[in-house]
Amino acid sequence: MKNEELIFKYNSKSFSKRLKNINVLNGCIFVNIYDDELNNSTVKNIASYVSYINGRYKNTKLTVVFDFKHIKLLDKLSFVILECIIKSLITQYNHKVEIVLNIEKIILTEGILSSPLLILANPKKRVLEKNIKFLEKFKDDYYQYHFRRVLKYEECFNTDKLCKLYDDLAYFQNYFNINYDCREDISEVIIELIGNAIEHSKSDCLVDFDIAPNYINEKGEAVCGINIAILNFSELLLGDELDRSITSFAMSEEFSEKYVKVQEAFDNHSGFFDDSYDRKDFFNISVFQNKVSSRGDNRSTGGTGLTKLIKSIEDRADDHSCYVLTGDRLIVFDKNYLEYDGDWIGFNSENDYFNHRPYYGLLERSNFYMPGTAYNLNFIMKVNESDG
C-alpha cells in the first residue's frame, strides 16, 4: 500500500540499549510480546520494535519471529494494522516473518480466523512459502466469511470499479440471513468511506470485512457479527484539508454558504478548546457535516448521509462499536449522538453543531499514531429477521 512506511515514521521510539524482549537465537530474531491486549499501545510498541530491528539488523536479513504469549483482541482494526506492520517488514525491510499466536477471540474479532496472520503462524509450512501466501491474501481475499480488497488510488476514480465493489459487498452478505435493507446500508457505508478515504488521503485504501455467524445473545437469539475495517496511509489526516481551506480562504467569494457556517462554528468552538478538545477534533467532526468536503466547494457530497447510515445500522443492531482513528485522535460513532438538525450534526446531546462542543465521551486520544484515516465498524445483528 502507498505510504505504509509512515507507520514507522510516526510511531518509532529511540532505544538507548538493547531490548530485553528481542533476542537472536538459532538464526532468528525473536520478538516476545507479553501484553494481555492488542490495544493502541501494543501496536505502537510493535511498530517501534520493527524500526529497532531494521536499524540494528539491517545488514543481516534474519527471519523475525513475533511470539504473542497470550493476547486478547479488542477489535478488527487493531489486528489489521498489525498485518500492515508485518507486511511492511516483509516488503519494505526484506525480512521473512513468522508468528506464534495464542489468542482470545470474541464475536467482534472472529475475523482473525481469516486473517493472513494465521498463515504466518502455520508451523507446517516453510517460511518463504508462508510469506508469499501472506502477501497474496493481504491484498485480496474472498472466501466464506471473509472479504478483503486493497484498492489502488488510481482505480478508485473508476465509477464502474466502485459499482462492482458495491455489488460484491452486497453479494458477500447474501448467505448470512441479514436483512436486505441492512445489507444495502452496510455496502453503501463501505463505499462512502472508501470514497472519503481516497478524497482526503490521495492514497490506496484497504477494506476488510468479515461476518461471524452462529452466535447466541443473552436472550437466546441468533446473532452474527459484522466486522469492518477500512484504512489508508497518508500524511494528510481526516480534517487537515478542511482546516486549511476554512482558515485560509474563509472570505473567498468562491466559498459556499456551507463553509461560511463552518467558519462561524469554528469561531464559536474556539472558546471550548482545551486539553481534551481542540481544532483538530473540530475539523474532524466537521468533515461529517452534510455536503462539506475538504476542498471548499460544492463538488463533493462530503459526509452526506454517512453518519445517518451508521446510525441506521446501529439502531437495528443488538450491539455495536464504531469509531474513526486519524493521527492520534479518535471519534466514537454512538447512535445517541448522531442526530442531525437539518444538515448539521453536533455529536452532542443538544444536536447542536454551532453552539455546543461534542460530547466528551466521543473524543479519545490514541497512543498509536494513525498516519491517514482508519475506521472500525462492529455490529452485532439479529439474523432471524431476514427478508431475503
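Everything that follows concerns the structure shown earlier in this document.
Now for a quick tour of the structure. On a predicted model such as this, the values are computed, not experimentally measured, just so you know.

### Some words on the packing of aromatic side chains
- On inspection of all chains with the given rule, the structure shows 23 aromatic pairs.
- When the centroid spacing of 5.2 Å and the interplanar angle of 65° are considered together, the rings of Y142 and F147 count as edge-to-face.
- By relative accessible area, which is 0% here, F147 ends up buried.
- On the numbers, 5.6 Å between centres and 55° between planes, the contact of F266 with F282 is tilted. Taken as a pair, F266 in helix 9 (residues 257-269) and F282 in helix 10 (residues 279-286) lie far apart in primary sequence, 16 residues in all. Neither residue differs from the other here; F266 and F282 are each classed as buried.
- An aromatic cluster of three or more residues is present, and its members are F266, F273, Y277, F282, F283, W344, Y353 and F354.

### Focus on the packing of helix 9 against helix 10
- The contact between helix 9 and helix 10 brings their axes to 11 Å, and the two run at 150°. The pairing of helix 9 with helix 10 is recorded here as roughly antiparallel in orientation. The crossing of helix 9 and helix 10 is right-handed. The residues of helix 10 that touch helix 9, namely those facing V262, A265, F266 and H269, are R279, F282, F283 and S286.

### Here's the deal with the nonpolar core
- Within the largest apolar cluster, 64 residues are counted, with the highest numbers of intra-cluster contacts made by I194, F209 and I226.
- No other element matches the nine residues that helix 7 (residues 180-201) contributes to this core.
- By size, the runner-up hydrophobic cluster in this structure holds 52 residues, among which are F8, I53, L101 and F368.

### Let's talk about unusual backbone geometry
- You will see that N3, though not glycine, has its phi angle at about 70°, which is positive.
- Tracing the backbone through its elements, the reader meets N3 in the segment before helix 1 (6-11).
- We classify N3 as partly exposed; its relative accessible area is 27%.
- A positive phi angle, close to 55°, is found at F347, a residue other than glycine.
- Counting through the fold element by element, F347 comes out in the loop between strand 12 (344-345) and strand 13 (363-382).
- According to the relative accessible area criterion, F347 is buried, its value standing at 1%.

### Considering a nonpolar patch on the surface
- The grouping of Y142, Y171 and Y175 at the surface amounts to a nonpolar patch, some 370 Å² of accessible area in total.
- Residue placement: Y142 occurs in strand 6 (residues 140-143).
- Using a relative accessible area of 35% as the deciding quantity, one classes Y142 as partly exposed.

### Examining the pattern of salt bridges
- In the structure shown here, the tally under the stated rule is 27 salt bridges.
- A salt bridge links D278 to R329; the nearest nitrogen and oxygen atoms lie 2.8 Å apart. Placement of the pair is D278 in the loop between helix 9 and helix 10 and R329 in strand 10 (residues 319-332), with a sequence separation of 51 residues.
- R365 is the salt-bridge partner of D281, the closest N and O atoms lying 3.0 Å from each other. With D281 in helix 10 and R365 in strand 13, the pair connects residues that are 84 residues apart, well separated along the chain.
- You can call D281 buried: its relative accessible area is 1%.
- The network of salt bridges with shared partners includes K76, E83, R148, D208 and D210.

### A short note on the state of the cysteines
- Scanning all chains against the criterion turns up zero disulfides.
- Free of any disulfide, C224 has its nearest cysteine sulfur in C182, 8.6 Å distant.
- The exposure class of C224 is buried, given its relative accessible area of 2%.

### Digging into the environment of I71
- Relative to the assigned elements, I71 resides in strand 4 (residues 63-73).
- A sequence separation of 34 residues divides I71 from E37, and the C-alpha atoms of the two residues are 5.1 Å apart.
- Contacts of I71, omitting those with residues within four sequence positions, involve I33, D35, D36, E37, L38, T42, N102, I103 and E104.

Conventions adopted
Residues numbered from 1 in each chain as written. Predicted model: local features only at pLDDT ≥ 70, side-chain atom pairs only at ≥ 80, totals over all residues. Heavy atoms only, no water. Phe/Tyr/Trp six-rings, centres within 6.5 Å; stacked < 30°, edge-to-face > 60°. Buried < 20%, exposed > 50% of the residue type's maximum accessible area, 1.4 Å probe, protein only. Helix = DSSP H or I, 4+ residues; strand = E, 2+ residues; numbered from the N terminus. Axes fitted to C-alpha atoms, helices over the stretch in contact; angles between N-to-C directions. Parallel < 35°, antiparallel > 145°, perpendicular 65-115°, else oblique. Left-handed = near helix turned anticlockwise from the far one by under 90°. Contact = heavy atoms within 4.5 Å. Core = buried A, V, L, I, M, F, W, Y, C linked by side-chain atoms within 4.5 Å. Patch = residues over 30% accessible without salt bridge, like charges linked within 9 Å, V, L, I, M, F, W, Y side chains within 5 Å. Areas by Shrake-Rupley, 256 points an atom, 1.4 Å probe, with all protein chains shown as cover. Salt bridge = Lys/Arg side-chain N within 4 Å of Asp/Glu carboxyl O. Disulfide = S-S within 2.5 Å.

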